[in-house]
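Structure at a glance
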Amino acid sequence: MTTATSKTHRRPPFWRDVRVLRVVGQIVALVAVALAARWFLTNLITNLNRSGIRTDFGFLTQPTQFTIPYFTTFNARSPVWQMVLVGVKNTLLVGFLGILMASVVGLVVGIARLSTNWLAARLATVFVEFFRNIPPLVVIIFFGAAVFTFGPLPILQEGIEITLPGSSNNLLLLSNDQWGIPGLVSQGNVGAYLVVLAVGLAVAVGLWVWRTRVNISTGAPDHRVLWFVGALLLFAVVGYLVLGGPFSIEWPSLSENRRRIETGFAMNWGFMALTGALGLYTASHIAEIIRGSIQAVPKGQTEASSALALRGFQRYRFVILPQALRIAVPPVINQFLNLVKNTSLGLAVAYAELAALTQTSIGNGRPAVQSIVVMMAVYLAFSLSISLILNVVNRRLQLVTR
Amino acid sequence: MTASAERAPVLPEGSALGWIKERLFRNVWSGAVTVVLIPVLIYVGYRAFVFIFINGQWAAVSRNLTNFIMGRYPRDQTWRLVAQMMLLALAFGAGAGTGSGTARDKAEEAGLVYVPPTLAGTLRRFWSLIAFVLVLLVMAGSTGPWLVAGAAVVLGYVGWQSWRLPRSLRMLSWLATALLLLAGFQVVSGTDGMAWLPVALAVAFAVWLVVPVERLQAVMRPVVSLVASLAAAAVVFGVYQVIAFPGIGWDQWSGMHLTLWWSAIVSALAFPVGLLLALARRSNLPALRYLATTYIELIRGVPLITLLFMGQFILGFMLPAGTNLSSISRSIAAGTLFTAAYLAEIVRGGLQSLPPGQAEAGQALGMAPTTIMRKIVLPQALRAVIPAMVGQFISLFKDSSLLFIINVTEFLSVRGIVHAQPDFRVIAHAETLVFVAVGYWAFAFAMSRESQRLERRLGIGER
């Protein structure tokens, strides 16, 4: 204090002045990064030009020159951007189903680990410790190839048909590399129907909020689930009838040579292996999160609910799980993000997701740099949207807990 | 630990029937679960038994054990791997022994009783690894591997005896451990060529940290540190020029050997980068903060495989024409860039978990910002996130299997060599895959156990 107020106080020389150093440090950092980036980019462009490789994105409209197995609408003349779309669609399909599977299995196993049933708890522990400590790639390859050679599944050389009783329609078709289930086919006005469904969803959410408010202000039972599902069903059924059946069910059937499934929703083996493997792998991580979150709920909560004479199931349903899931949601969403990123391992089982298609495309002479940039941009978009959801959820949860 | 004790129901003492009733048929639901699970368990157990002991064609594994361990590594250089094993066994033993000695000293200082680790406890801690090694030895079916493993165990035990060293020799003992690790690495990789550079950098950095400059004038401090570091680096360079022991570079490593070293090398390279990124992200200089944040979020948003593709297809073009990096070096670069971003987030968590009072106390004592960071903030922040970092290293170890996709012959891709042999072209695909899975599992499981143990020992979550 004395030196600061004294008249002899001088600013330190500029090479020791924090205010100068801050600015200089930042400029140095920026210049260093810019120079490094410039060096890499100059090298890249020089080298590419010397090798005669194009550096524009024109290849996106050129034909891919390869076909994708099981995708009949896609042929060698389809442009590369359509291939990217197919990859995005397949990635999202696996991501969505895998997340569903991982959530359900993870929740069940996580609760089972804390079960009073010794057998269930032990099995859950074995499941978690097994899948958590094996590379997902090994699990995928295992599901993709090895499970047939010794697993409990019979080897399906001929193909098994399970028909709907009383008709000739196939309910389920099992063949060696494809499973077929009934699919939905658009009759032209699916778009309108989707709009109806979206409106229905909005109304249902509105009803949910309304019932919650009624419950909070009057104490009347909310029956939220009933209202929600009821409204959604109403819109779905009425919309379907009004639009005169926007889609129809297509039963799976075999092609002429009985080698592949032509109609319906055909799942090829790579798809099932990828979804199943990622589902179980991620489930083991989610189970650990769920277990940790349940244990993180203070013990007094359990004791208090016991004191209120709640039974085991009621304790879980009304006291423990609501609090535990709140703790679990952010890390679980992170696991979902990991699952979506791990779908890029689909190329190990030749499943036509984005990374596999990009690799094939590069192998077919498409420029690598631009292809990889496109692929990274798509994954980044997925990740950022999931992060966005995570942030919104986090904010909401924090508001509620306070 | 405590949770299970709390959940343990009151049992009629010593009654098996009581146990069954309480733990398997406590109520209707529990009973139903038991009734469903038991037949499933019996069936799965039966299938597993048949596969492992009756139908499994394990010759595909047992005849290829050398391939699984060292893959395409030149066979006439196997002695280097054996020497490496011996040196590393000694180093790990010495590290554990010195650590135990240090813990003993600290306990003595605090007037506590130090409980040394027991043999049974150590076996239990690493049972998955020990079991895997035993399976390997039994499958090998010859005496050579047993002798090697026995020698490694003996050397590990010899190293462990370093706990007996007097306290004044602890620093020296740590140094010896580090040198043994380095020697273990370079007995394979060699000390010729550019091998001196990373060692010189590390030594120079260590010297920079430990040279006592506090008593010097402020202007002189950086000069003295710099001179001392440069001198140390020059000494390292000189020593390496004298030794110049030719080796087998990592471009020729493969199999499980490569998998383990790839993970170790990437971890070692990614840690300092991640630390710097975390500091930059927490910095109050906006330019640094934005650069670090952008980098971290970009990398964390894409799968590792896209970075490996980048390394494979693009990195070569980004360097001056004529530079030729092997695909292993390129994958190490990609893995480092990837892991550094995740480590940065973990370290940032540690930095954020530290109460601001710690740094403020340092400021109140008039410490320089770098000293506060080095002596107060980082030791505590890093200690708090050790388990999370181990978790990241496990994840990296598992991710090393992705090298399979870019055609590097690591542990998983050795299956390609095996199934190219005429005997195993179409059969035993499941057997080799199960073996590989068990191999990964043994290491990852042991590491995750260690990280849980560390978490308990460091008392994280209890403060």
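Not measured: the values here are computed from a predicted model.

1. Observations regarding the overall build of chain B
In terms of helices and strands, chain B carries 21 helices and zero strands. Counting the 463 residues in chain B, one finds 32% classified as buried. Partitioning the intrachain contacts of chain B with sequence separation of at least 6 by distance along the chain shows that 77% fall at a separation of at least 24.

2. With respect to the overall build of chain A
Looking only at helices and strands, chain A has 12 helices and eight strands in total. Looking at chain A residue by residue over its 402 residues, the buried ones come to 28%. Here the analysis covers contacts within chain A between residues at least 6 apart in sequence; of these, 65% occur between residues at least 24 apart.

3. Here's the deal with the domain arrangement of chain A
As far as domains go, chain A holds domain 1 (16-51) and domain 2 (80-149 + 269-401). On a C-alpha basis, the centres of domain 1 of chain A and domain 2 of chain A stand 39 Å from each other.

4. Some words on the interface of chain A and chain B
Many descriptions give the size of an interface as the accessible area lost when the pieces come together. Contact residues are listed per partner, giving 49 residues for chain A and 46 residues for chain B. Looking at the side of chain A that touches chain B, the elements with two or more residues in it are α2 (18-51), α4 (118-132), α5 (136-150), α10 (312-342), α11 (354-363) and α12 (368-401) of chain A. With 12 residues, the top contributor of residues to the side of chain A that touches chain B is α2(A). Looking at the side of chain A that touches chain B residue by residue, the class counts come to 33 nonpolar, 12 polar and four charged.

5. Observations regarding the packing of helix α13 (residues 255-281) of chain B against helix α14 (residues 286-300) of chain B
All names here are of chain B. Put simply, α13 and α14 touch, their axes get as near as 7 Å, and they point 125° apart. As summarised for this structure, α13 and α14 are arranged oblique, according to the angle between their axes. As for how α13 packs across α14, the hand of that crossing is left-handed. Together, Leu277, Ala280 and Arg281 of α13 and Leu288, Arg289, Leu291, Ala292, Thr293, Tyr295 and Ile296 of α14 make up the contact between the two elements. Class assignment of the residues belonging to the contact of α13 with α14 gives a composition of seven nonpolar, one polar and two charged.

6. Focus: the pairing of strand β3 (residues 178-181) of chain A
In the case of a regular strand, side chains alternate between the two sheet surfaces. Residues and elements named next belong to chain A. Burial along β3 is one-sided: the face carrying Gln178 and Gly180 is buried and the face carrying Trp179 and Ile181 is not. Where β3 meets strand β8 (residues 265-268), four bridges bridge the pair, whose relative direction is antiparallel. Paired with Gly180 across the bridge in β8 is Ala266.

7. Re helix α12 (residues 220-243) of chain B
Residues and elements named next belong to chain B. The end-to-end C-alpha separation of α12 is 35 Å, in line with the 34 Å expected for 24 residues at 1.5 Å each. For α12, the full list of buried residues reads Ser229, Ala233 and Tyr240. At its buried positions, α12 is contacted by α11 (196-210). Phi turns positive one or two residues past the end of α12, at Ala244, with a value near 40°.

8. Brief notes about the domain arrangement of chain B
As far as domains go, chain B holds domain 1 (1-55) and domain 2 (74-457). Here the C-alpha centroids of domain 1 of chain B and domain 2 of chain B sit 41 Å apart.

9. Quick notes on helix α6 (residues 190-218) of chain A
With 29 residues, α6(A) ought to run about 42 Å at 1.5 Å a step, and its terminal C-alpha atoms sit 41 Å apart, in line with that. The first or second residue beyond α6(A) is A:Gly219, which carries a positive phi of 85°.

10. A word on the confidence of the model for chain B
Residue and element names in this part refer to chain B. Of all residues in chain B, 96% attain a pLDDT of 70 or more, and the chain-wide mean is 89. Counting contacts from residues 1-5, a segment whose pLDDT is below 50, to residues more than four positions away or on other chains yields one contact. Interface confidence for the predicted complex, given as ipTM, is 0.88, next to a pTM of 0.87.

11. As for the environment of A:Leu310
Residue and element names in this part refer to chain A. Within the secondary structure, Leu310 sits in the loop between α9 (299-307) and α10. When the C-alpha atoms of Leu310 and Ala102 are compared, they prove to be 30 Å apart, with 208 residues separating the residues in sequence. In this structure, Leu310 is in contact with Ser305, Arg315, Phe318 and Val319, ignoring residues within four places of it in sequence.

12. Examining unusual backbone geometry
Trans peptide bonds make up the majority, and among non-glycine residues the majority have a negative phi. In the Ramachandran plot, A:Ala350 falls in the positive-phi region, its phi being about 55° despite a non-glycine side chain. Secondary-structure assignment places A:Ala350 in the loop between α10 and α11. Here A:Ala350 falls in the partly exposed class, since 15 other C-beta atoms lie within 10 Å of it. One non-glycine residue with positive phi stands out, namely B:Ala244, at about 40°. When you line up the elements, B:Ala244 lands in the loop between α12 and α13.

13. A word on the environment of A:Ala377
By the secondary structure assignment, A:Ala377 is in helix α12. Between the C-alpha atoms of A:Ala377 and A:Ala296, which are 81 residues apart in sequence, the distance is 38 Å.

14. Observations concerning the environment of B:Ala228
Within the secondary structure layout, B:Ala228 lies in helix α12. Dropping the residues within four chain positions of it, B:Ala228 is found in contact with B:Val207 and B:Val211.

15. Points about the confidence of the model for chain A
Residue and element names in this part refer to chain A. With 89% of its residues at a pLDDT of at least 70, chain A reaches an overall mean of 83. Within chain A, the lowest mean pLDDT, 48, falls on helix α1 (residues 2-5), and the highest, 93, falls on α4. Low pLDDT, under 50, characterises residues 150-157; the stretch is placed with 11 contacts to residues that sit more than four places away or in other chains.

16. Brief notes about the nonpolar core
Soluble globular proteins tend to bury their nonpolar side chains together. Grouped together as the largest cluster of nonpolar side chains are 141 residues, with contacts concentrated most on A:Leu137, A:Val138, A:Val139, A:Ile140, A:Leu274, A:Ala277 and B:Ala437. In terms of residue count, helix α8 (residues 269-296) of chain A provides more of this core than any other element does, 15 residues in total. Not counting the four nearest positions on each side in its chain, A:Leu137 is found in contact with A:Leu345, A:Ala348, B:Ser401, B:Leu402, B:Phe404 and B:Leu412. Core analysis: the second largest hydrophobic core is formed by 12 residues, B:Leu87, B:Leu88, B:Leu90 and B:Val187 among them.

17. Some words on the packing of helix α6 (residues 78-109) of chain B against helix α10 (residues 170-189) of chain B
Axes are the key here: two packed helices are described by the angle between their axes and the distance separating the axes. Residue and element names in this part refer to chain B. At a closest axis distance of 8 Å, the pairing of α6 and α10 adopts a crossing angle of 160°. By the angle between their axes, α6 is roughly antiparallel relative to α10. Judged by the sense of rotation from one axis to the other, the crossing of α6 with α10 is left-handed. A per-class count over the contact of α6 with α10 returns 14 nonpolar, eight polar and two charged.

Rules behind the numbers
Residues numbered from 1 in each chain as written. Chains lettered and ligands numbered in written order. Predicted model: local features only at pLDDT ≥ 70, side-chain atom pairs only at ≥ 80, totals over all residues. Helix = DSSP H or I, 4+ residues; strand = E, 2+ residues; numbered from the N terminus. Buried ≥ 20, exposed ≤ 12 C-beta atoms within 10 Å, placed from the backbone. Contact = placed C-beta atoms within 7 Å. Domains from an automatic or database assignment. Nonpolar A, V, L, I, M, F, W, Y, C, P; charged D, E, K, R; others polar. Axes fitted to C-alpha atoms, helices over the stretch in contact; angles between N-to-C directions. Parallel < 35°, antiparallel > 145°, perpendicular 65-115°, else oblique. Left-handed = near helix turned anticlockwise from the far one by under 90°. Pairing = 2+ DSSP bridges. Expected span 1.5 Å × (residues − 1). pLDDT = per-residue confidence, 0-100. Core = buried A, V, L, I, M, F, W, Y, C linked by C-beta atoms within 7 Å.

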